Amino acid sequence: MYPKASLYPIAFAALLTASCAATRPVHYYALAAASAPTNPARPDGPTLLVGVIITPESLQDARIRYRAGANATGSYEYHRWAERPGAMVRDSLLRALRVSGQYQRVLESSSSAIGDQMVRGKLNEFAEVDDPAIRTPIKTRISLHLELIDTKTNRSVWDHHFEREEPASGKTIEDVVQSMDRNLQQVVNAAAAEIDRFLAGR
């Protein structure tokens, strides 16, 4: 049987490690709001609701995610988004749809909000992507599925999958954040344009 005294240095080292980890600062990152001017609303246009963007369990907290190779995934414990990814995508989509000027109003869906159509979707991926085997530059990838629901019939009238990669200019976490910012703006602008085009043709 080992002497009890031999456990003390190990216990002390564990406490010291836990103490250092507990005091390490967590860094938060916010994506920049789109600066494009909003066009005047159409008085005779439809009212569009933007519903919840659901996410898999891996995206339900604010930690910045990464994918290494084909299968390995992880997250940065001390680098986090200021909001959850699903909320950031929803806010960006709201702004992009309001810019178009094709609608009387664009609102967040709620129990009291009334609209003609509702956009909702699922964010499947929102992560840094790196392939260490071939040393490609770091990229970010967004995979987003959206559908448009006719609120009178509660039926889906349009759906589309958007997937896009955006290279990062370097390998720091700030480079990853800037890449994701550019990537998300391109994705939501493309989504807003597709929704505008579909509703204009109805």
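Look up a bit, the structure's there.
My aim in this report is to walk through the structure given alongside it, one point at a time. Here the structure is a predicted model, which means the values were calculated and not measured.

Moving on, we come to the overall build of the protein. In terms of helices and strands, the protein carries three helices and eight strands. Per-residue burial over the protein gives 37% buried out of 202 residues. Within the protein, counting contacts between residues at least 6 apart in sequence, those at least 24 apart form 69% of the total. Summing over all exposed atoms, the protein offers an accessible surface of approximately 11800 Å²; the carbon and sulfur share of this is 54%.

Another point: the pattern of salt bridges. Two side chains that carry opposite charge are able to pair once their charged atoms sit near each other. Counted by the stated rule, this structure contains 13 salt bridges. Residue Arg 182 is joined to Glu 166 by a salt bridge in which the shortest nitrogen-to-oxygen separation is 3.0 Å. Separated by 16 residues along the polypeptide, Arg 182 in helix α3 (residues 173-200) and Glu 166 in strand β8 (residues 155-167) bring together distant segments of the chain. For Arg 182, a relative accessible area of 35% corresponds to the partly exposed category. Ionic contacts of the salt-bridge type, sharing partners, join the residues Arg 67, Glu 125, Lys 139, Arg 141 and Glu 165 into one network.

Turning to the packing of helix α2 (residues 85-100) against α3, a few remarks are in order. Their axes nearest at 9 Å, the elements α2 and α3 cross at an angle of 50°. Overall, the two elements α2 and α3 adopt an arrangement that is oblique. Both α2 and α3 take part in a crossing whose hand is right-handed. The residues of α3 that touch α2, namely those facing Met 88, Val 89, Ser 92, Leu 93, Ala 96, Leu 97 and Ser 100, are Leu 184, Gln 185, Val 188, Asn 189, Ala 191, Ala 192, Ile 195 and Asp 196. By residue class, the composition of the contact of α2 with α3 is 10 nonpolar, four polar and one charged.

With that settled, the discussion passes to the environment of Arg 120. Note that Arg 120 resides in strand β6 (residues 117-130). What Arg 120 contacts, discounting residues up to four positions off in sequence, is Val 52, Ile 53, His 145, Leu 146, Glu 147 and Ile 149. A distance of 2.8 Å separates the side chain of Arg 120 from the side chain of Glu 147, its partner in a polar contact.

This part covers the nonpolar core. Leu 48, Trp 81, Leu 97, Phe 126 and Leu 146 are the most contacted members of the largest nonpolar core, which has 36 residues in total. Listing elements by their share of this core, those giving two or more residues are β2 (47-54), α2, β6, β7 (139-150), β8 and α3. Broken down by element, the residue count for this core peaks at 10 residues, all from α3.

What counts as what
- Residues numbered from 1 in each chain as written.
- Predicted model: local features only at pLDDT ≥ 70, side-chain atom pairs only at ≥ 80, totals over all residues.
- Heavy atoms only, no water.
- Helix = DSSP H or I, 4+ residues; strand = E, 2+ residues; numbered from the N terminus.
- Buried < 20%, exposed > 50% of the residue type's maximum accessible area, 1.4 Å probe, protein only.
- Contact = heavy atoms within 4.5 Å.
- Areas by Shrake-Rupley, 256 points an atom, 1.4 Å probe, with all protein chains shown as cover.
- Salt bridge = Lys/Arg side-chain N within 4 Å of Asp/Glu carboxyl O.
- Axes fitted to C-alpha atoms, helices over the stretch in contact; angles between N-to-C directions.
- Parallel < 35°, antiparallel > 145°, perpendicular 65-115°, else oblique.
- Left-handed = near helix turned anticlockwise from the far one by under 90°.
- Nonpolar A, V, L, I, M, F, W, Y, C, P; charged D, E, K, R; others polar.
- Polar contact = N/O pair within 3.5 Å; in protein donor to acceptor, adjacent residues only side chain to side chain.
- Core = buried A, V, L, I, M, F, W, Y, C linked by side-chain atoms within 4.5 Å.

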